[in-house]
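Okay, here's what each chain looks like letter by letter:
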Amino acid sequence: MASIPKTMKGVIIEKNGGTEVLQHKTDLPVPEPKEGQVLVKNDYIGINFIDTYFRSGLYPAPQFPYILGREAEGTIVSTGSSGDFHGLATGDRVVWMAEGAYAEYTAVPAAKTVKLPDGVGEKIGAAAFLQGLTALTLIREAHHVKKGDWVLVHAAAGGTGLWLCQLLKAVGANTIGTASTEEKVALAKKAGATHMINYSKDDVKAKVMELTDNKGVAAVFDGVGKSTFDLSLECVARLGSMISFGNASGAPDPVTIARLSPKNVRLMRPTLFNYLVTREEFEHWSNELFNFVVKDKLDVRIHEVYPLSEVKRAQGDLEGRRSTGKLLLDPSK
Ligand code: NDP
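The name given to the protein chain in an unreviewed UniProt entry is Probable quinone oxidoreductase, with the source organism recorded as Extremus antarcticus.

This is how it looks when you write it as structure tokens:
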């Protein structure tokens, strides 16, 4: 194995703002793995909407300078001098979910790292992990979707949206998806949405009610947030679940709890990280996800692999609604 350099390429922010605050550096110190940590040389870094929240300040960065990014695929090049490494060792090809991903090397807790299973390629592993686990825990834990359920998924051609379409098809749900262009509508339909609505021009509520005999859907999975929240609540059936899991259009406004009583709606605001707190949970959901990928031959759509040095363009495409599926970064470029 090649020796570990002292410095590396990476992207930091020193303040909050637009994509202009993203600084690509070539001389960041390579971190030292501490107790229970492994040092991973990243091959492919996953971009997620949450990265833009930490950049903009919607979510507070723990400190400045701060390295953005929550997940990557790569190879373990060293381990801390002590601690529980959960059976992982130098040379293992892994995927991980923690902090500090926009860099060539990241020191991550072994507890938040799993081996990439045989039959799953490097890019696919990187592209599948955080968004696939989000979709899986949403349909199993946030609202356990059953065969035949009607479900509404916003931004169905996005990274998480395409995962939801595929997993919901696999469990036999009737998925109504929304997207903003005809190209995205076609893509989500191909991924498994049974019906698609172009929410930039069509009446979503009218179509949902028409499809569901005026009952509404058993669950709405809403990662768009501010611009769709009210609509989502209108589309939920009596006794249904309103799962608000993101802020792509901005954080939803505060909700008066009394708004839930006319239909006895369950409202939930889950975050993936709180489903993956223990090692047992982390392994359970990771295994389940990769079983789906391998056995159900899921199609993991990669929008583009961007050079890390072009991170501003990558985040701009995600926020500008120009992407479909997963955006990855290549830290070597
Ligand atoms: P996506 O690839 O889905 O991109 C976001 C999509 O949202 C866009 O492509 C766009 O699709 C739609 N959108 C609607 N309005 C806007 C707007 N004003 N600005 C930008 N996009 C808009 O991103 P991700 O899959 O990474 O994330 C999707 C959502 O899921 C985010 O809110 C994210 O925070 C959330 N999430 C939450 C997690 C959790 O644990 N709670 C974990 C992972 C993701 P269109 O053009 O079709 O409208």
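Engineer: Talk me through the overall build of the protein chain; I want residue IDs and the actual numbers.
Structural biologist: For the protein chain, the count of helices and strands is 8 helices and 16 strands. Taking 2.2 N^0.38 as the reference for a compact globule, 333 residues should give roughly 20 Å; the C-alpha atoms of the protein chain span a radius of gyration of 20 Å, in line with that estimate. Across its three principal axes, the protein chain shows a C-alpha extent of roughly 65 × 40 × 35 Å. For the protein chain, restricting intrachain contacts to residue pairs at least 6 apart in sequence, the fraction spanning at least 24 positions comes to 68%. When the accessible surface of the protein chain is totalled, it reaches about 14,500 Å², and 50% of it is carbon and sulfur. Between the centroid of the 39 positive side chains of the protein chain and the centroid of its 38 negative side chains there is a distance of 4 Å.

Engineer: Report on the site of the ligand, specifying residues and quantitative values.
Structural biologist: In the vicinity of the ligand lie 29 residues, with Ser180, Lys184, Tyr199, Gly223 and Leu272 positioned nearest. The separation between an oxygen atom of the ligand and a polar side-chain atom of Lys184 is 2.6 Å. Coverage of the ligand by the protein amounts to 91% of the 910 Å² it exposes when considered alone. Contributing elements (two or more residues each) for the shell around the ligand: helix 1 (49–56), helix 2 (122–142), helix 3 (159–170) and helix 8 (311–319). No other element matches helix 2, which puts 3 residues into the shell around the ligand. Here the shell around the ligand is composed, by residue class, of 12 nonpolar, 13 polar and 4 charged.

Engineer: Summarise the sheet that holds strand 2 (residues 23–29); cite the residues concerned and give the values.
Structural biologist: If you trace the 3 strands from one edge of the open sheet to the other, you get 2-1-4, paired in antiparallel fashion. At either end of the open sheet lies a strand with only one pairing partner, and these are strand 2 and strand 4 (66–67). As paired elements, strand 1 (residues 7–13) and strand 4 share 2 bridges and run antiparallel to each other. Directly across from Ile12, in strand 4, lies its bridge partner Ile67.

Engineer: Quick one: what's the story with the UniProt feature "domain: Enoyl reductase (ER)" (unreviewed entry) in the protein chain, residue by residue and with numbers?
Structural biologist: As recorded in UniProt, the feature "domain: Enoyl reductase (ER)" (unreviewed entry) lies at residues 17–329. As a span, residues 17–329 carries 29% helix and 27% strand, and end to end its C-alpha atoms are 20 Å apart.

Engineer: I'd like a description of the pairing of strand 12 (residues 217–222), backed by residues and values.
Structural biologist: Strand 12 sits mainly inside the fold: 5 of its 6 residues count as buried. Pairing analysis gives 3 bridges linking strand 9 (residues 150–153) to strand 12, with the strands arranged parallel. Along strand 12, the bridge assignment pairs Leu152 with Val220. With 5 bridges connecting them, strand 12 and strand 13 (residues 236–244) associate as parallel partners. Its bridge partner being in strand 13, Val217 is matched across the sheet by Val236. In this view, the connection linking strand 12 to its parallel neighbour strand 13 by way of helix 6 (residues 229–235) has right-handed handedness.

Engineer: Give a detailed account of the environment of Glu32, specifying residues and quantitative values.
Structural biologist: Note that Glu32 resides in the loop between strand 2 and strand 3 (37–46). Owing to a relative accessible area of 64%, Glu32 belongs among the exposed residues under this scheme. As for Glu32 and Thr79, which are separated by 47 residues in sequence, their C-alpha atoms are 8.7 Å apart. Sequence-distant contacts of Glu32, that is, excluding residues within four places in its chain, are made with Gln37 and Ala107.

Engineer: Give a description of the packing of aromatic side chains that names residues and reports values.
Structural biologist: Counted under the stated rule, the structure contains 6 aromatic pairs. Among the aromatic residues, ring-to-ring pairing joins Phe49, Tyr53, Phe54, Tyr59 and Tyr66 into one connected group. Here Arg70 stacks its cationic end above the ring of Phe273, 4.9 Å away from the centre of that ring.

Engineer: Could you give an account of the state of the cysteines, naming the residues involved and the relevant values?
Structural biologist: The full count for this structure, using the stated rule, is 0 disulfides. Among the cysteines around Cys165, which has no disulfide bond, Cys235 carries the closest sulfur, lying 16 Å off.

What counts and how
- Residues numbered from 1 in each chain as written.
- Predicted model: local features only at pLDDT ≥ 70, side-chain atom pairs only at ≥ 80, totals over all residues.
- Heavy atoms only, no water.
- Helix = DSSP H or I, 4+ residues; strand = E, 2+ residues; numbered from the N terminus.
- Rg over C-alpha atoms; globule rule 2.2 N^0.38 Å.
- Contact = heavy atoms within 4.5 Å.
- Areas by Shrake-Rupley, 256 points an atom, 1.4 Å probe, with all protein chains shown as cover.
- Lys, Arg positive; Asp, Glu negative; His and termini not counted.
- Charge placed at Lys NZ, Arg CZ, Asp CG, Glu CD.
- Near = heavy atom within 4 Å.
- Polar contact = N/O pair within 3.5 Å; in protein donor to acceptor, adjacent residues only side chain to side chain.
- Nonpolar A, V, L, I, M, F, W, Y, C, P; charged D, E, K, R; others polar.
- Pairing = 2+ DSSP bridges.
- UniProt positions renumbered as here; feature names shortened; annotations may be inferred.
- Buried < 20%, exposed > 50% of the residue type's maximum accessible area, 1.4 Å probe, protein only.
- Right-handed = clockwise from strand over helix to strand, strands pointing away.
- Phe/Tyr/Trp six-rings, centres within 6.5 Å; stacked < 30°, edge-to-face > 60°.
- Lys NZ or Arg CZ within 6 Å of the ring centre and 35° of its normal.
- Disulfide = S-S within 2.5 Å.

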